[in-house]
Amino acid sequence: MLKEKVMLMWESFIEEKVREIRETVGGGKAIIALSGGVDSSTAAILAHKAIGDKLYAVFVNTGFLRKGEPEFVIKTFRDEFGLNLIYIDAQDRFFEALKGVTDPEQKRKIIGKVFIDVFEEVAKEIDAEFLIQGTIAPDWIESQGKIKSHHNVGGLPERLNLKLIEPLRDLYKDEVREVAKELGLPEKIYNRMPFPGPGLAVRVLGEVTPKKVAIVREANAIVEEEIEKAKLRPWQAFAVLLNVKTVGVQGDIRAYKETIAVRIVESLDGMTANAMNVPWEVLQRIAFRITSEIPQVGRVLYDITNKPPATIEFE
Ligand code: XMP
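The structure presented is a predicted model; accordingly, all values stated were derived computationally and were not measured.

## Comments concerning the environment of phenylalanine 13
- Along the chain, phenylalanine 13 turns up in helix H1 (residues 2-25).
- A relative accessible area of 15% places phenylalanine 13 in the buried class.
- For the pair phenylalanine 13 and proline 167, spaced 154 residues apart in the sequence, the C-alpha separation amounts to 9.8 Å.
- Leaving out residues up to four positions away in the same chain, phenylalanine 13 has contacts with Pro167, Leu168, Leu171 and Val179.

## Observations concerning the sheet that holds strand S5 (residues 163-165)
- Pairing within the open sheet is parallel, and its five strands lie in the order S3-S2-S1-S4-S5. Looking along the sheet, the strands with just one partner apiece sit at the ends: strand S3 (85-89) and S5. In this sheet, adjacent strand axes meet at a mean angle of 25° when their direction is disregarded.
- Relative to strand S2 (residues 55-61), strand S1 (residues 30-33) is paired through four bridges, and the arrangement is parallel. By the bridge assignment for S2, isoleucine 31 is matched with tyrosine 56.
- Sheet contacts for helix H3 (residues 69-80): S2 and S3; angle to S3, the most-contacted strand, approximately 165°.

## Regarding a nonpolar patch on the surface
- A cluster of nonpolar side chains, contributed by Leu2, Val6 and Met9, occupies part of the molecular surface with about 280 Å² of accessible area.
- Relative to the helices and strands, methionine 9 is located in helix H1.

## Quick notes on the nonpolar core
- Counting residues in each nonpolar core, the largest one holds 51 residues, and the members touching the most others are Phe64, Ile260, Ile264 and Ile290.
- With 10 residues, helix H5 (residues 104-126) is the single largest residue contributor to this core.
- When sequence neighbours within four positions are dropped, the list of residues in contact with phenylalanine 64 reads Phe94, Phe95, Leu98, Ile111, Phe195, Pro198, Gly199, Leu200, Ala201, Val208, Val213 and Arg217.

Thresholds, definitions, all that
Residues numbered from 1 in each chain as written. Predicted model: local features only at pLDDT ≥ 70, side-chain atom pairs only at ≥ 80, totals over all residues. Heavy atoms only, no water. Helix = DSSP H or I, 4+ residues; strand = E, 2+ residues; numbered from the N terminus. Buried < 20%, exposed > 50% of the residue type's maximum accessible area, 1.4 Å probe, protein only. Contact = heavy atoms within 4.5 Å. Pairing = 2+ DSSP bridges. Axes fitted to C-alpha atoms, helices over the stretch in contact; angles between N-to-C directions. Patch = residues over 30% accessible without salt bridge, like charges linked within 9 Å, V, L, I, M, F, W, Y side chains within 5 Å. Areas by Shrake-Rupley, 256 points an atom, 1.4 Å probe, with all protein chains shown as cover. Salt bridge = Lys/Arg side-chain N within 4 Å of Asp/Glu carboxyl O. Core = buried A, V, L, I, M, F, W, Y, C linked by side-chain atoms within 4.5 Å.

Next up, the structure:
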């Protein structure tokens, strides 16, 4: 009974937002930066329901996405939901802009700037009047006093003279997941772990290169797969490529290889977090797979620090 009531509530929320978006956009055009995360995906589907092909969903491949992510986003949104999806492969631009940069905040700023530049170029071509954004309540509530600057398309509406529409502004993450489910988005999206805007670039410590990102991408996929197989439901589970090499043995030979840290945390909102008490066999399996499937990696560490004092991400 309660479940039905809740579903009805989300159904009417969807109807109301669809009507609002339709009335606001009228005969105009709207754009959205679609990342494939739960917030922007939900906002995009709501807007698509409201205005169909007058919504242009721009999906930028920064080069810092997870394994299989571009293919998955294109398949889901273009092929299955029929969105007007514009795919931009901007990998070279992001890597070029990050050459020689090691400071985490500097990395975030550069990624944010390149992202806005790329998005602006596309937006100008489309000549839209409205920008749909998947902003949720914690995004604006916590926007003061940040420890790390979060990358989104902030500042864009003014720069491009776009009118902002934020249909999810009053919702919290668990509520967005409900709406996403109600909209028929796949579980892989509505139950997705949060993934930072700057992506794998903040999971390669120090300078970001295509080779290093490729290593952390593989390691991250292994962590995600093993967590899923073990049916664990952490807030986040991921791999980080440290900027230290360590010594190991391979046969009789001394090997000098990369080090991967595995971070698996439980949290309600990301503000505080605890390192998860993951079964030893799962950690062992992760370490075994990473060192045997990724030849450049010789050592795997598990981060047992809570937040605070550590943050969830390493950078
Ligand atoms: P920290 O590392 O600050 O992370 O404990 C808290 C939550 O925020 C995510 N995070 C980011 N998300 N852009 C984002 O969109 C960022 O630059 C960024 N930095 C951290 C992190 O993954 C965690 O869920």
